[in-house]
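Chain residues, written in single-letter form:
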Amino acid sequence: MAGSSPSPAAGDVPPSRSASAIVAGVATGYHVLRVVGYSHTKEVPNGQSISSSHFLVGGRTWFVKYYPNGNTAGEADFISLFLALHGTVAEAVKAKVTISLLDQEGKPVPPYNRTTEFVNIAEKGGWGYPKFMERKALEESEHLSDDCFTVRFDVTVLNDVCTLETPFLVVPSSDMHRHFGRLLSSKEDTDVKFRVGNKTFSAHRLVLSTRSPVFKAQLYGPMKERNTSKAIHINDMEADVFDALLSFMYTDNLPEMKEQDESAMAQHLLVAADRYNLERLKLICEDKLCKHIDTDSAATILALAEQHNCHGLKDACYAFLSSSSNLGAVMETDGFEHLTISCPRVLKELLSKVVPR
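Criteria and thresholds
Residues numbered from 1 in each chain as written. Predicted model: local features only at pLDDT ≥ 70, side-chain atom pairs only at ≥ 80, totals over all residues. Heavy atoms only, no water. UniProt positions renumbered as here; feature names shortened; annotations may be inferred. Helix = DSSP H or I, 4+ residues; strand = E, 2+ residues; numbered from the N terminus. Contact = heavy atoms within 4.5 Å. Areas by Shrake-Rupley, 256 points an atom, 1.4 Å probe, with all protein chains shown as cover. Phe/Tyr/Trp six-rings, centres within 6.5 Å; stacked < 30°, edge-to-face > 60°. Buried < 20%, exposed > 50% of the residue type's maximum accessible area, 1.4 Å probe, protein only. Lys NZ or Arg CZ within 6 Å of the ring centre and 35° of its normal. Axes fitted to C-alpha atoms, helices over the stretch in contact; angles between N-to-C directions. Parallel < 35°, antiparallel > 145°, perpendicular 65-115°, else oblique. Left-handed = near helix turned anticlockwise from the far one by under 90°. Polar contact = N/O pair within 3.5 Å; in protein donor to acceptor, adjacent residues only side chain to side chain. Expected span 1.5 Å × (residues − 1). Arc of directions from axis to C-beta.

As annotated in an unreviewed UniProt entry, the protein carries the name BTB/POZ and MATH domain-containing protein 2 and comes from Urochloa decumbens. The UniProt entry for the protein carries the following comment under Sequence similarities (unreviewed entry): "Belongs to the Tdpoz family." In its Pathway (unreviewed entry) section, the UniProt entry covering the protein states "Protein modification; protein ubiquitination."

So, in structure tokens, the structure goes:
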């Protein structure tokens, strides 16, 4: 028949099918630098910098170099900011950074939100903006509050380019958390109520007891709540913290929160996670708090880590306090006074770690 495709001859092998993709992978992460006591940092001479604590992105250790009076004589009226690699790295490390001044709500300020191109930072030694912002502009702005300002560094590291086989179909990721999230929000077939402050929460006994051995003992053990129609009162916890706790127990994720609220919420949730023996939530909160350690919060976070057996968080606090300038600033805070009273043992441990022998 005219126009028909020829039939394969006997013994012909059907053509093989395959697909591949060339993938340039990237790793991303960010570091928030809060400068507390800005006016005192201006005493650092031109050409000299103050380094941030170290942080990891893309398997590399980074830090920020803050020059309060510029990194060269030509930038003496400016604040200079650079991203730098820690240690000596033999191979190329291609990365770019977005440096953003944050307003009081934790949002980038458009005139001071700048992104570099990809460069080999291992070769450059550091990369950023010598004239990030005039000091006068910062000092006359609302973004300098109580002698403090905040800058965020969003780092993108370019990984090795590789070729991957492309599958013919993609199995979607599990969406079980969405179904359980809808179960919580719908309140369908709930069989237990909690009263936290002035708010009542409905939940499912089976879900809570499966996730938490503490809830299991409370709801099904010998000391279980017998009155199933009466709300169980939760004391010493804010309603928004319990709301986030319930959300995590159903979805294994934390709800979105504003950056300026993240530290306080993580502290409260860490206490709640320890109370209900939710180890993964506790570690998530520790990880978040490691990124919020500064001179204002270090003593409070260290006391929290000691009281709730958070060894990784304690180590992060000790690393921050290993700087004599950081330690001196922290010792002036109310949180340090509370630390000396509430955690004398950790104070001795701190001194043994940071004071040279």
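Q: Could you give an account of the overall build of the protein, naming the residues involved and the relevant values?
A: The secondary structure content of the protein amounts to 14 helices and 13 strands. Of all intrachain contacts in the protein linking residues separated by at least 6 positions in sequence, the fraction that spans at least 24 positions is 65%. Accessible surface, the protein as shown: approximately 20,800 Å² in total, 51% of it carbon and sulfur.

Q: Which residues make up the packing of aromatic side chains, and what values do they have?
A: Taken as a whole and judged by the stated rule, the model has 8 aromatic pairs. With centroids separated by 6.3 Å and ring planes inclined at 50°, the aromatic side chains of Tyr112 and Phe132 adopt a geometry described as tilted. You can see Tyr112 sitting in strand S7 (residues 108-115) and its partner Phe132 sitting in strand S9 (residues 126-134), a full 20 residues away along the chain. In this pair, the class of Tyr112 matches that of Phe132, namely buried. With a centroid separation of 5.3 Å and an interplanar angle of 55°, the aromatic rings of Phe194 and Phe242 are classed as tilted. Of this pair, Phe194 sits in strand S11 (residues 192-196) while Phe242 sits in helix H7 (residues 239-251), and the two are 48 residues apart along the sequence. Phe242 shares its class with Phe194; the two are buried. Connected via pairs of aromatic rings, a cluster forms that spans Phe194, Phe201, Phe215, Phe242 and Tyr276. When the ring centre of Phe132 is taken as origin, the NZ or CZ atom of Arg114, which lies over that ring, is 5.6 Å away. The residue whose ring lies beneath Arg152 is Tyr30, and the NZ or CZ to ring-centre distance is 3.7 Å.

Q: An account of the packing of helix H10 (residues 298-307) against helix H11 (residues 311-321) is needed here, citing residue identities and associated values.
A: For the pair H10 and H11, the least separation of the axes is 9 Å and the interaxial angle reads 150°. The pairing of H10 with H11 is recorded here as roughly antiparallel in orientation. Relative to H11, the crossing made by H10 is left-handed. Residues Ala298, Ile301, Leu302, Ala305 and Glu306 of H10 form the contact with H11, whose own contacting residues are Leu313, Lys314, Cys317, Tyr318, Phe320 and Leu321.

Q: Talk me through the packing of H7 against helix H8 (residues 259-275); I want residue IDs and the actual numbers.
A: Two numbers describe how H7 lies on H8: the axes approach to 10 Å, and their chain directions differ by 65°. As judged from the angle between their axes, H7 and H8 are roughly perpendicular. The way H7 lies across H8 gives a crossing that is right-handed. Between H7, through Asp240, Val241, Ala244 and Leu245, and H8, the contact on the second element is made entirely by Met265, His268, Leu269 and Ala272.

Q: Would you mind going over the environment of Asp252 in detail, with residue names and values included?
A: Mapped onto the elements, Asp252 comes out in the loop between H7 and H8. Counting along the chain gives 76 residues from Asp252 to Met176, while the straight-line C-alpha distance between them is 9.8 Å. Not counting the four nearest positions on each side in its chain, Asp252 is found in contact with Arg211, Ser247 and Arg280. Engagement of the side chain of Asp252 in a polar contact is seen with the side chain of Arg211, the distance being 2.9 Å.

Q: Kindly report on helix H9 (residues 279-290), identifying the contributing residues and their values.
A: The end-to-end C-alpha separation of H9 is 17 Å, in line with the 16 Å expected for 12 residues at 1.5 Å each. Those residues of H9 lying buried are Leu281, Lys282, Cys285, Glu286 and Leu289. Seen along its axis, H9 keeps its buried residues to an arc of 140°; they face one direction. Packing partners of the buried residues in H9 comprise H7, H8, H10 and H11.

Q: Tell me about unusual backbone geometry, residues and numbers included.
A: Phi at Asn277 takes a positive value of approximately 55°, unusual for a residue other than glycine. Mapped onto the secondary structure, Asn277 falls in the loop between H8 and H9. Exposure remark for Asn277: the relative accessible area of 43% places this residue in the partly exposed category. With phi around 55°, Asn309 is a residue other than glycine that occupies positive phi space. Within the element layout of this structure, Asn309 appears in the loop between H10 and H11.

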